[in-house]
Amino acid sequence: MSAAPRDPRPLVGEPLSLDLLNTRWTADGVRQDLLTDVEGLAIWLAAHGLDGRFEADEATLNHALRARDALASAVENPGDPAATARVDKVLGHGRIRATLTAQGPGEEPEFKDATWGAAWLAARDYLTLLGTAPDRIRPCAHEACTLHFFDTSRNGTRRWCSMAACGNRAKASRHYARAREA
């Protein structure tokens, strides 16, 4: 039995929509992309417990890439009608069905084509974030970082994807600049 491949991304654990955006990142000045093949898709699906629900195949990968591009456009251009239409087009591939179970009321996502499932769930998650706190959907403040996060800090002032990485680099740069001036 082989171990599951390690997730190489520097930032994981963000909400599904932002985590899909974070499948592209920069490491040592080189652009990286987890979703270049179905193996990378399998890693992303597993990171969210979706590997048992959706297949890591070419169709699912293509739909995830379409959703990622649509979400990137919407996050970078909030309110832009073209960006909104792209996300809405992804959302057109699924719906929520109200349910009643022994545990009480619930909701169940339904898809005409299951290969749209993961992409649709990511787009739906973006709607949830917009409904919760749209001003807390943020890009990392480091100029070389392409990652996004949902700011859950109490006062809403988080600036970095990771204090250990980008925040520390920014502090070191400021320290180095002050030392040069002195």
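See the structure above.
Predicted model, so just to flag it, every value in this text is computed and none were measured.

Asker: Help me out: how do you make sense of the overall build of the protein in this one?
Answerer: Along its length, the protein carries six helices and six strands. Secondary structure elements in the protein, listed N-terminal to C-terminal, are α-β-β-α-α-α-β-β-α-β-β-α. Within the span of the protein, comprising 182 residues, buried residues form 41% of the whole. Long-range pairs, those at least 24 residues apart, make up 46% of the contacts in the protein between residues at least 6 apart in sequence.

Asker: I would appreciate a short explanation of the nonpolar core in the present structure.
Answerer: General note: in soluble globular proteins, nonpolar side chains tend to be found buried as a group. Of all hydrophobic cores here, the largest spans 46 residues; its most connected members are W44 and C161. Elements with a contribution of two residues or more to this core: α1 (16–21), α2 (38–47), α3 (58–76), α4 (81–91), α5 (117–132) and β6 (148–150). Excluding residues that lie within four positions of it along the chain, C161 makes contacts with L11, C140, C145, L147, F149 and C166.

Asker: Please clarify how the pairing of strand β1 (residues 24–27) should be interpreted in this entry.
Answerer: Looking along a regular strand, one sees the side chains alternate between the two faces of the sheet. Pairing geometry for β1 and strand β2 (residues 30–33), over four bridges, is antiparallel. In the strand pairing of β2, R24 is matched with D33. Between β1 and β2, which pair antiparallel one after the other, the connecting turn spans two residues, and D28 there sits at a positive phi close to 55°.

Asker: Quick question: what am I supposed to make of α4 here?
Answerer: Turning to α4, its buried residues number three or more, namely A83, V87, V90 and L91. The buried residues of α4 occupy one face: seen down the axis, they fall within an arc of 105°. Counted as exposed and oriented over 90 degrees from the buried face of α4: P81, D88 and K89. Taken together, the buried residues of α4 touch α3, β3 (94–101) and α5.

Asker: In this structure, what is going on with the environment of E108? I would like to understand it.
Answerer: Of note, E108 is situated in strand β4 (residues 104–111). Take E108: its relative accessible area is 36%, and that puts it in the partly exposed class. Spatially, the C-alpha atoms of E108 and A98 are 6.4 Å apart, while their sequence positions differ by ten residues. Setting aside its immediate chain neighbours within four residues, E108 contacts R95, I96, R97 and T99.

Asker: Where do I start with the packing of α3 against α5 in this structure?
Answerer: Two quantities define a packed helix pair, namely the angle between the helix axes and the distance between the axes. With their axes 8 Å apart at the nearest point, α3 and α5 run at an angle of 15° to one another. As judged from the angle between their axes, α3 and α5 are roughly parallel. Crossing handedness for the pair α3 and α5: right-handed. Seen from α3, the contacting residues are H63, A64, A67, L71, A74 and V75; seen from α5, they are A119, A122, A123 and Y126.

Asker: Can you walk me through the packing of aromatic side chains in this structure?
Answerer: To describe a pair of aromatic rings, you give the distance between the ring centres and the angle between the ring planes. Evaluation of the coordinates by the stated rule reveals two aromatic pairs. Aromatic side chains F54 and F111 sit 5.9 Å apart centroid to centroid with 70° between the ring planes, which places their arrangement in the edge-to-face category. Placement of F54 in the loop between α2 and α3 and of F111 in strand β4 is noted, with a sequence separation of 57 residues between them. Ring centres 5.5 Å apart and planes at 70° place the aromatic pair F111 and W120 in the edge-to-face group. Through pairs of rings, three or more aromatic residues link up here, namely F54, F111 and W120. The positively charged end of R158 is found above the aromatic ring belonging to F149, 4.0 Å away from the centroid.

Cut-offs and rules
- Residues numbered from 1 in each chain as written.
- Predicted model: local features only at pLDDT ≥ 70, side-chain atom pairs only at ≥ 80, totals over all residues.
- Heavy atoms only, no water.
- Helix = DSSP H or I, 4+ residues; strand = E, 2+ residues; numbered from the N terminus.
- Buried < 20%, exposed > 50% of the residue type's maximum accessible area, 1.4 Å probe, protein only.
- Contact = heavy atoms within 4.5 Å.
- Core = buried A, V, L, I, M, F, W, Y, C linked by side-chain atoms within 4.5 Å.
- Pairing = 2+ DSSP bridges.
- Arc of directions from axis to C-beta.
- Axes fitted to C-alpha atoms, helices over the stretch in contact; angles between N-to-C directions.
- Parallel < 35°, antiparallel > 145°, perpendicular 65-115°, else oblique.
- Left-handed = near helix turned anticlockwise from the far one by under 90°.
- Phe/Tyr/Trp six-rings, centres within 6.5 Å; stacked < 30°, edge-to-face > 60°.
- Lys NZ or Arg CZ within 6 Å of the ring centre and 35° of its normal.

By themselves, these figures tell us nothing about what the structure is for.
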